[in-house]
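# Geometric and topological summary
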Amino acid sequence: MGNGAKAQQKRERNAKDTKVAKSQLKSNVKAMDIQCQICKSTFLKTTRAPQLTEHAVNKHSKTITECFPGYEASAGK
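What counts and what doesn't
Note on numbering: residues in each chain are counted from 1, in written sequence order. Only residues with pLDDT of 70 or above have their local features reported here, since the model is predicted, and side-chain atom pairs are shown and tallied only from 80 upward, although totals for entire chains, interfaces and linings are computed over all residues. Side-chain metrics rest on all non-hydrogen atoms present in the structure, leaving aside hydrogens and water. Note on ring pairs: Phe, Tyr and Trp rings are taken, using the six-membered ring of Trp, and paired if centres are within 6.5 Å. Classes follow the plane angle, with under 30 degrees stacked, over 60 edge-to-face and the rest tilted. Each helix is a run of H or I in the DSSP string that is no shorter than four residues. Each strand is a run of E no shorter than two, and both are numbered from the N terminus. Whether a residue is buried, partly exposed or exposed follows from its accessible area with a 1.4 Å probe, protein chains only, as a fraction of its type maximum: under 20%, in between, or over 50%, in that order. By definition here, a helix of n residues has an expected span of 1.5 Å times n minus one. Here the arc refers to the set of directions running from the helix axis out to each C-beta atom. Residue contacts follow a heavy-atom distance rule, with two residues in contact if any of their heavy atoms lie within 4.5 Å.

On to the packing of aromatic side chains, then. A complete count under the given rule lists one aromatic pair for this structure. Between Phe43 and Phe68, the aromatic rings sit 5.6 Å apart at their centres with planes inclined by 75 degrees, giving edge-to-face as the arrangement. Linking Phe43 in strand β2 (residues 42–43) with Phe68 in the segment after α4 (64–67), this pair joins segments that are 25 residues apart in sequence. By the burial criterion, Phe43 is buried, and Phe68 matches it.

Structure follows, in structure tokens:
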């Protein structure tokens, strides 16, 4: 048995161990549940108040409550 057979066996062993890479794109789209009421831009649910305030002021010259009326900043963060 030559080195070619060992190499083939190693390839077969490694082929069993490989996992298919999964994309997070679909889960990221589902997580975008904060929506600006003016321009309808969506933001991830992990987006914090300073980022939303920056969007409201820079894009629309409005307050966070005018752009995101249903947004509540969680007290723990």
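Let's shift gears to helix α3 (residues 49–60). The first and last C-alpha atoms of α3 sit 16 Å apart over twelve residues, in line with the 16 Å expected at 1.5 Å per residue. When we look at burial in α3, the residues that qualify are Leu52, His55, Ala56 and His60. Buried positions in α3, seen along its axis, are confined to an arc of 95 degrees and lie on one side of it. Set apart from the buried face of α3 by more than 90 degrees, the exposed residues are Pro50 and Asn58. Residues of α3 that are buried sit in contact with β1 (34–35), β2 and α4. Immediately downstream of α3, the backbone of Ser61 shows phi near 55 degrees, a positive value.

Functional significance is not addressed by these values, which are geometric in nature.
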